[in-house]
Amino acid sequence: MALLSTGRARLDDALYALGYFVVGMLLHLVVPEVAVRWNEGPAPSTGLVLAGLAVAALGETQRRVRPVLGLATALVALVGMVQLAFVPLAVMLVLGDLLYCSVLYTARRVSWAVAGACAVVAGGTALMSLVFEGGRAAVLVLLNLGLVLAVPVLWGREVRLHSEHAAVERERAEQASRMAELDRAAAVAAERARMARDLHDVIAGQLSGIAIQSEAALTLPDPDPAVLRRVLTSVRRDSVASLTEMRTMIGLLRADGAGDADPRTAPAGLDRLDELLETARATGLRVAVDDARTGAPAAAAVDLAAYRIVQESLTNAAKHAPGSLTGLHLDDRNGELVIELENDLVPDAPPGGGTGTGLLGLHERADAVGGTVVAGPDGERWRVRAVLPVPAAAEASR
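Read on for an overview of the structure. Fair warning: this is a prediction, and the values are worked out from it, not measured in the lab. Positions within a chain are numbered from 1, following the residues in the order the chain's sequence is written. Confidence filtering applies because this is a predicted model: local features only for residues at pLDDT of at least 70, side-chain atom pairs given and counted only at 80 or more, and all residues used for totals across whole chains, interfaces and linings. To get the side-chain values, all heavy atoms of the structure are used, and hydrogens and water are removed first.

Two strands pair if DSSP finds at least two bridges between them. Secondary structure elements follow DSSP: runs of H or I of four or more residues count as helices, runs of E of two or more count as strands, with numbering from the N terminus. Pairing geometry for strand 4 (residues 325-333) and strand 5 (residues 336-344), over eight bridges, is antiparallel. In the strand pairing of strand 5, Gly 327 is matched with Glu 342. What sits between strand 4 and strand 5 in their antiparallel hairpin is a turn of two residues, with Asn 334 showing a positive phi close to 55°. In terms of strand pairing, strand 5 meets strand 7 (residues 381-389) through nine bridges, oriented antiparallel. Bridge pairing links Glu 336 to Pro 389 in strand 7.

In structure tokens:
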């Protein structure tokens, strides 16, 4: 790509050189008086003028690749034409274009050097005119050199500043885009972790209950048909509940929600506590409930977090202390929903085979709504205590 760009630039510069030469030749042949002259004598021969114009146009072949070299070539042509006291307009146009390119297409230091040299030439020439020819001549020299030197230099500087500013903005936009990509990647990773926790919370309780009840049914030496039917009924109920909640989660994860004709159930809350307790009791837990809530409304996120904390705690109790006596206490006072769950520790209980994400899920559920969870052994019992923020009863009534 770099070779192709350089080749295209060289071709364009050659076309510029040819165009300036053709235009300068036509101007000299048609209106030869369009030139800067110092005397009233005869004009130099057409051959000399075209030769000087050809040298100046030769500098145009380097206008973007090596503009300083092109400018030096045009200055050689200008010096030669000055010796003839005849400078065609085309040579002045070539000089202005190469000054512009030397300011725009070179390194920053070279660009400033070209601009400074033009200022020194204009100022020095005006000062010499002021000393030897008076103020009027100095003003005229300053105005003429200003048109010839200052206009292309200032124009090149302005275009260069805009280009550099555009490059900085483009780099800033690219950096912002890269940062946005990184933020999106981090958000996706966090969302995947959250979905994994939600998936664990949604179906772990039901599947653990199914596994425990199935194990109990298989180990009964002479199962009573009524007991066996009750166990199978509970297994089926938990299976259907797991499938329903899984279907709900899949529906919520869809981008547009199109194509799903099934109604989506609302997220679980403490209004479904009885179903949760029934499932826990079916696994063999002996659950005693002390519900001292006054009925103050809780936000949906807090209600869901409370449900999941109770669900995960009961699941852990069924895994690690099967058949134990479990106490559940609920209370809401002073703007807090307090959940306390205790169960006996079973020393010879079989390993639960957990992954360790259950307790992490408890803490993250509580943290997400501004609450806290403390879980661990307390004497001969395992105790979980969660405190979640809810409005006080008087505040909720208002």
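Once the structure has been displayed, the description carries forward.
Take the packing of aromatic side chains next. Pairs were defined over the aromatic rings of Phe, Tyr and Trp, the Trp ring being its six-membered one, requiring ring centres within 6.5 Å. Orientation was assigned from the angle between planes: stacked under 30 degrees, edge-to-face over 60, tilted for the rest. For the structure on display, the rule yields one aromatic pair. The rule is short: NZ of Lys or CZ of Arg within 6 Å of the ring centre and within 35 degrees of the ring normal puts a charge over the ring. The side chain of Arg 157 reaches across the aromatic face of Trp 112, ending 4.0 Å from its centre.

What follows covers unusual backbone geometry. The backbone of Asn 334 shows a phi angle near 55°, a positive value even though the residue is not glycine. Asn 334 gets classed as exposed once you look at its relative accessible area, which sits at 74%. Accessibility here uses a 1.4 Å probe with only protein chains present; expressed as a share of the type maximum, an area under 20% marks a residue as buried, one over 50% as exposed, and anything in between as partly exposed.

What follows covers the sheet that holds strand 4. Taken in spatial order, the five strands line up as 3-4-5-7-6 in an open sheet, and their pairing is mixed. On the outer flanks of this sheet lie strand 3 (286-291) and strand 6 (372-378), each paired with one strand and no other. Geometrically, the sheet is characterised by an average inter-axis angle of 10° between neighbouring strands, direction not taken into account. Together, strand 3 and strand 4 form the strand contacts of helix 8 (residues 273-282), whose direction differs from that of strand 3 by roughly 155°. Between the N-to-C directions of two axes lies an angle of 0 to 180 degrees, each axis being a line fitted to C-alpha atoms and, for a helix, fitted only over the stretch in contact. Here, residues are in contact when the closest pair of their heavy atoms is within 4.5 Å.

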